[in-house]
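# A structural walkthrough
The residues making up each chain are set out below.
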Amino acid sequence: MAQTDNIVEARNIVKKFAEFVAVNGINFAVKPGECFGLLGPNGAGKTSTVRMIYGFSPVTAGSLKVFGRDIMTDARKIKARIGIVSQDDNLDPDLSVRENLMVYAGYFRIARELARQRTEEILEFMDLRDKAEEVVDHLSGGLRRRLTLGRALINQPELLILDEPTTGLDPYARHLVWQRLRKLKQAGTTMLLTTHYLEEASQLCDRLIVIYRGEILEEGTPLELIERHVGKDALELGVVPEQREAVTDSAAHLVKASQTLGDDLVLFSNHGRELSTAVNEWAERQGIPLSYQRLRPANLEDVFLKLTGETLEATQNERDAGGGW
Amino acid sequence: MGKAKHLLQGVTSWPDIYWPLVSKVFLRNMKVFQKTWKANIMFNFIEPVLYLWAMGFGLGVYVKSIAGLSYIQFLAPGLIASSAMFATTYEMTYGSFTRMSFQKTFHGMVATPVSMDDVVMGEILYGTFKGVLYGLVFFLVVLLFGLVKSPFGILVLIPVCLMAMIFSNLSLIWTSIAPNYDSFNYFFTLFVSPMFLFSGIFFPIQSLPVAIRFLPWLTPLYHAVELNRALVLGRFDGSSVGHLVWLVAVAALTLRLPLVMVKNRLVQ
Ligand SMILES: Nc1ncnc2c1ncn2[C@@H]1O[C@H](COP(=O)(O)OP(=O)(O)OP(=O)(O)O)[C@@H](O)[C@H]1O
Ligand SMILES: [Mg+2]
């Protein structure tokens, strides 16, 4: 019964808000011990998907099983075994850091002594000991996020759901969270992570799906996706629009894919150096000026660009208007 | 129309309540209350005490007797009820709305084994508790003024409790449809204040024009005021039973609505 070992199993799940389809029949499975990523721009349907998984929002159609149980009928039992870092901050602002953890332990009916012990462990693990007595309202965004993650660990969850855990954090705080997540993963915690930071996905996820407008565009490991769609390297070139096609054709045998990105042309290749040399020689011969060029490793952002023809930033503006709560 | 239908969806189903977790929600609110109760009690408490002074002693000089009682004696039992009413309605409107929307406390809770029904039930209990607490404190003031004439007086906590529960339910219903804080002004101006003035606290409802004399009967406050007066004076009769039945029935009948409405507002 290999299939039923999956921690999360989504079959054709659909989420509709009135007439609007936010998630349009997606399929995926999260295996024990892995970090599974949901990658997509704002409004892609990431939060809608995870909210169904933790039983907050009812599944419109399809079947969604967590730990082999139906989330629509067994939510309490399932929720007892998962930890949730939601996208929006919902810490208790009236309570101190320590109280937040203790009160949360109560919702899991963890015995007082054990709750106290875990609270201390979590304060230590998340580097919050100095702030234990501080009222949450006075914490910085980074500390709040750390506390939110710590709070999600109070029941020692088998599955950790992280909805954009590092959005809005500075690089230092982000790395701290990543480090902790890696430790948890080593300890065997299964994770489901949504993000629109491609670096985050490449750093943490074993497998991921790219979702866009409620549908899955691609699925695989970060490296697989990069190899499959864009190759190892990306060459960014500043060329006028009229010349773009000619430039691309000049080294067609080396170009795996191409995309325009603002004023630049991006060529993807498995042989970046050769491509760069070829293009430069050709441009010199033709007398076409290259105002700018940069060779860099290809990343998930490029995959995304390639798959959707958009950058993640370009879609940021379509922020969910009817978000509600 | 479609919206009302959405909000009432599932109203005929049995709520998903697990009492041990309801109590956790209640205790969370208690924990916050413990931090602020002094300022809190003063705020809700001063106003009725001022009324007792101003009306009871000030106006009482001119009003010789009302229904055979000194004015302050007539007034005091009603103010026990209104003190409870204000405590509950403030908590279940501004307070609950803050937890529901601004702080997303409810969202945090339901990410655990706690269900949304547990959360709202915990809120109702907390609102009821606050009403009873403020009712009790005011009862003690009335006692100090020497206005409690019967040992049955302490039983005012029963009607106060039932009434506070009804106000929890009604306030949460309003909260579930409130778009923002401003809308609570309507709630207080349209419902709470008129109730305060016309539910037999300051004058017997028999003084109202015949055509609208039935209106107080529709309010929970009126029934609690009448029962409180009867208990404080130790004079109850058949009509007291009627008031009690009214409170029990309405508390039970309105209980399902906030559970389903808050849930339908939040869960989409
Ligand atoms: N309660 C709601 N009512 C109506 N539409 C909604 C609701 N919640 C989300 N949507 C819509 O569903 C779509 C998907 O939203 P969702 O929050 O799942 O996106 P997301 O991938 O999490 O985006 P982000 O990166 O901004 O968090 C958006 O177009 C959003 O406007
Ligand atoms: Mg989201």
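Residues numbered from 1 in each chain as written. Chains lettered and ligands numbered in written order. Predicted model: local features only at pLDDT ≥ 70, side-chain atom pairs only at ≥ 80, totals over all residues. Heavy atoms only, no water.

In this section: the overall build of chain B. In terms of regular secondary structure, chain B is built from 10 helices and 0 strands. The secondary structure elements of chain B, listed N-terminal to C-terminal, are α-α-α-α-α-α-α-α-α-α. Its C-alpha atoms give chain B a radius of gyration of 19 Å, within 12% of the compact-globule value 18 Å for 268 residues. Across the 268 residues of chain B, 56% fall into the buried class. Of the contacts made within chain B by residues no fewer than 6 positions apart, 81% connect residues no fewer than 24 positions apart. Total accessible area on chain B stands at roughly 11600 Å², and carbon and sulfur atoms take up 73% of it. (Helix = DSSP H or I, 4+ residues; strand = E, 2+ residues; numbered from the N terminus. Rg over C-alpha atoms; globule rule 2.2 N^0.38 Å. Buried < 20%, exposed > 50% of the residue type's maximum accessible area, 1.4 Å probe, protein only. Contact = heavy atoms within 4.5 Å. Areas by Shrake-Rupley, 256 points an atom, 1.4 Å probe, with all protein chains shown as cover.)

What follows covers the sheet that holds strand β11 (residues 233–238) of chain A. All names here are of chain A. Across the sheet, which stays open at both edges, the 4 strands sit in the order β12-β13-β11-β14 with antiparallel pairing between neighbours. Two strands in the sheet have a free side with no partner beyond their single neighbour: β12 (257–261) and β14 (293–297). Across the sheet, the mean angle from the axis of one strand to that of its neighbour is 20°, orientation sign disregarded. (Pairing = 2+ DSSP bridges. Axes fitted to C-alpha atoms, helices over the stretch in contact; angles between N-to-C directions.)

Another aspect to go through is the pattern of salt bridges. All names here are of chain A. In total, this model carries 28 salt bridges over all chains according to the counting rule given. Note that Arg 207 and Glu 219 form a salt bridge whose closest N and O atoms lie 3.4 Å from each other. You can see Arg 207 sitting in strand β9 (residues 207–212) and its partner Glu 219 sitting in strand β10 (residues 215–220), a full 12 residues away along the chain. The class of Arg 207 is buried, set by a relative accessible area of 19%. Accessibility expressed as a relative area gives 33% for Glu 219, which makes it partly exposed. Where Glu 236 meets Arg 294, a salt bridge forms, and the shortest distance between an N and an O atom there is 3.5 Å. (Salt bridge = Lys/Arg side-chain N within 4 Å of Asp/Glu carboxyl O.)

A separate point is the interface of chain B and chain A. Listed per partner, the contact involves 32 residues of chain B and 29 residues of chain A. Contact between chain B and chain A buries roughly 2700 Å² in total, counting both sides, with carbon and sulfur atoms accounting for 60%. Area buried by chain B at its contact with chain A is led by B:Lys104, B:Pro113 and B:Gln268, which between them contribute 22% of it. Seen at the junction of chain B and chain A, the total is 5 salt bridges. A:Asp94 is paired through a salt bridge with B:Arg28; the nearest N and O atoms lie 3.6 Å apart. Taken together, the connections running from chain B to chain A amount to 13 residue pairs in polar contact (both at pLDDT 80 or more). Taken together, the elements giving at least two residues each to the side of chain B that touches chain A come down to α2 (19–58), α3 (71–102), α4 (105–110), α5 (116–144) and α10 (256–266) of chain B. Broken down by element, the side of chain B that touches chain A gets its largest block of residues, 8 residues, from α2(B). Of the residues belonging to the side of chain B that touches chain A, the class tally is 16 nonpolar, 8 polar and 8 charged. (Buried area = accessible area lost by both parts, 1.4 Å probe. Polar contact = N/O pair within 3.5 Å; in protein donor to acceptor, adjacent residues only side chain to side chain. Nonpolar A, V, L, I, M, F, W, Y, C, P; charged D, E, K, R; others polar.)

Further remarks concern the coordination of the magnesium ion (ligand 2). Tetrahedral coordination by four donors sets the ideal angle at the metal to 109.5 degrees; octahedral coordination by six donors sets it to 90 or 180 degrees. All names here are of chain A. Donor atoms from the polypeptide that bind the magnesium ion (ligand 2) are Thr 47 (OG1) and Gln 87 (OE1), placed at 1.8 to 2.1 Å. On the criterion of sequence distance, the pair formed by Thr 47 in helix α1 (residues 46–53) and Gln 87 in the loop between β6 (82–85) and α3 (97–107) is long-range, its members being 40 residues apart. Overall, the relative accessible area of 22% leaves Thr 47 in the partly exposed class. (Donors = N, O, S within 2.8 Å, 3.2 Å for Na, K, Ca; no water.)

With that out of the way, let us pick up the packing of α3(B) against helix α6 (residues 157–177) of chain B. Residues and elements named next belong to chain B. Look at α3 against α6: their axes get within 9 Å of each other, and the N-to-C directions meet at 30°. Note that α3 runs across α6; the crossing there is right-handed. Note on element contacts: α6 touches α3 through Val 160, Met 163, Ala 164, Phe 167, Ser 168, Ser 171, Leu 172 and Thr 175, opposite Ile 80, Ala 81, Ala 84, Met 85, Thr 88, Thr 89, Met 92, Thr 93, Ser 96, Phe 97 and Met 100. Along the lines of polarity and charge, the residues of the contact of α3 with α6 split into 12 nonpolar, 7 polar and no charged. (Left-handed = near helix turned anticlockwise from the far one by under 90°.)

Our focus in this paragraph is the pairing of β6(A). Residues and elements named next belong to chain A. Burial along β6 is two-sided: Ile 82 and Ile 84 and Gly 83 and Val 85, pointing in opposite directions, are all buried. Both β6 and strand β7 (residues 159–163) contribute to a ladder of 4 bridges, which runs parallel. Across the sheet, residue Val 85 finds its bridge partner in β7, namely Leu 162.

Let us now look at the confidence of the model for chain A. Any region with low pLDDT has predicted coordinates that should not be read closely. Summarising the model, chain A shows a mean pLDDT of 89, and 94% of its residues fall at 70 or more. Confidence over residues 313–325 of chain A falls short of pLDDT 50; this stretch has 19 contacts with residues more than four positions distant or in other chains. (pLDDT = per-residue confidence, 0-100.)

All names here are of chain A. Across the 6 residues that make up strand β13 (residues 264–269), a large majority, 6, are buried. Burial along β13 is two-sided: the face carrying Asp 264, Val 266 and Phe 268 and the face carrying Leu 265, Leu 267 and Ser 269 are both buried. As judged from the 6 bridges shared by β11 and β13, these two strands associate in the antiparallel manner. The residue of β13 that forms the bridge with Asp 233 is Ser 269. In the sheet, β12 pairs with β13 via 5 bridges, with the strands oriented antiparallel. If you follow Leu 261 over to β13, its bridge partner there is Asp 264.

Here we take up helix α6 (residues 171–186) of chain A. The α-helix winds at 3.6 residues per turn, so residues separated by three or four positions along the chain end up facing the same way. Residues and elements named next belong to chain A. With 16 residues, α6 ought to run about 22 Å at 1.5 Å a step, and its terminal C-alpha atoms sit 22 Å apart, in line with that. When α6 is considered as a whole, its buried residues turn out to be Ala 173, Arg 174, Leu 176, Val 177, Trp 178, Arg 180, Leu 181 and Leu 184. The secondary structure elements touched by the buried residues of α6 are α4 (112–125), α5 (141–152), β7, β8 (190–195) and α7 (198–204). Measuring from the side-chain oxygen of the N-cap residue of α6 to the backbone nitrogen of Tyr 172 gives 3.1 Å; that N-cap residue is Asp 170. With its phi angle positive at about 100°, Gly 188 sits one or two positions after the end of α6. (Expected span 1.5 Å × (residues − 1).)

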